[in-house]
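Structural characterization, general
The residues making up each chain are set out below.
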Amino acid sequence: MFIGAQVSLYPMTTDFVGVILSGLSALDPYRNDLRIETDDISTLMVGAPGPLFDAIRDLFAGVAKGPDHVAMHVTLSRG
């Protein structure tokens, strides 16, 4: 079973672009297991639930390491 996740990050900092781009490197280990497409607003990930939820966790953990507040919005879909 595959599911999809549309993920948007909202770092509360003037360097929001840098925070998002550096955070996306946390997805590199999952690129063989997931279809990952990033546009100007969000990142779409599609794949099996295990690696998908791990990738979401690692993405948020990567950007949350910084000193600034960050919010993440995730929409999950099946079918």
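Please read these numbers as outputs of a predicted model, since none were measured by experiment.

This next bit is on the side chain of Ser-42. By the element assignment, Ser-42 lies in the loop between strand E2 (35-38) and strand E3 (43-47). In this structure the side chain of Ser-42 is engaged in a polar contact, spanning 2.9 Å, whose partner is the side chain of Gln-6. Those residues in contact with Ser-42 that sit more than four places away from it in its chain are Gln-6, Val-7, Ser-8 and Glu-37.

Turning to the confidence of the model for the chain, a few remarks are in order. Looking at the chain, the pLDDT average stands at 95 and 100% of residues meet or exceed 70. Summarising per-element confidence for the chain, the mean pLDDT is lowest in helix H1 (residues 16-23) (91) and highest in E3 (98).

Turning our attention to the nonpolar core. A general trend in soluble globular proteins is that nonpolar side chains are found buried together. Core analysis: the biggest nonpolar cluster contains 16 residues, and Leu-27, Leu-34, Met-45 and Leu-52 have the highest contact counts within it. Breaking this core down by element, the ones donating at least two residues are strand E1 (3-11) and helix H2 (49-64). Contact partners of Leu-52, with chain neighbours within four places excluded, come to Ile-3, Gly-4, Ala-5, Leu-34, Met-45 and Val-46.

About the cut-offs
Residues numbered from 1 in each chain as written. Predicted model: local features only at pLDDT ≥ 70, side-chain atom pairs only at ≥ 80, totals over all residues. Heavy atoms only, no water. Helix = DSSP H or I, 4+ residues; strand = E, 2+ residues; numbered from the N terminus. Polar contact = N/O pair within 3.5 Å; in protein donor to acceptor, adjacent residues only side chain to side chain. Contact = heavy atoms within 4.5 Å. pLDDT = per-residue confidence, 0-100. Core = buried A, V, L, I, M, F, W, Y, C linked by side-chain atoms within 4.5 Å. Buried < 20%, exposed > 50% of the residue type's maximum accessible area, 1.4 Å probe, protein only.

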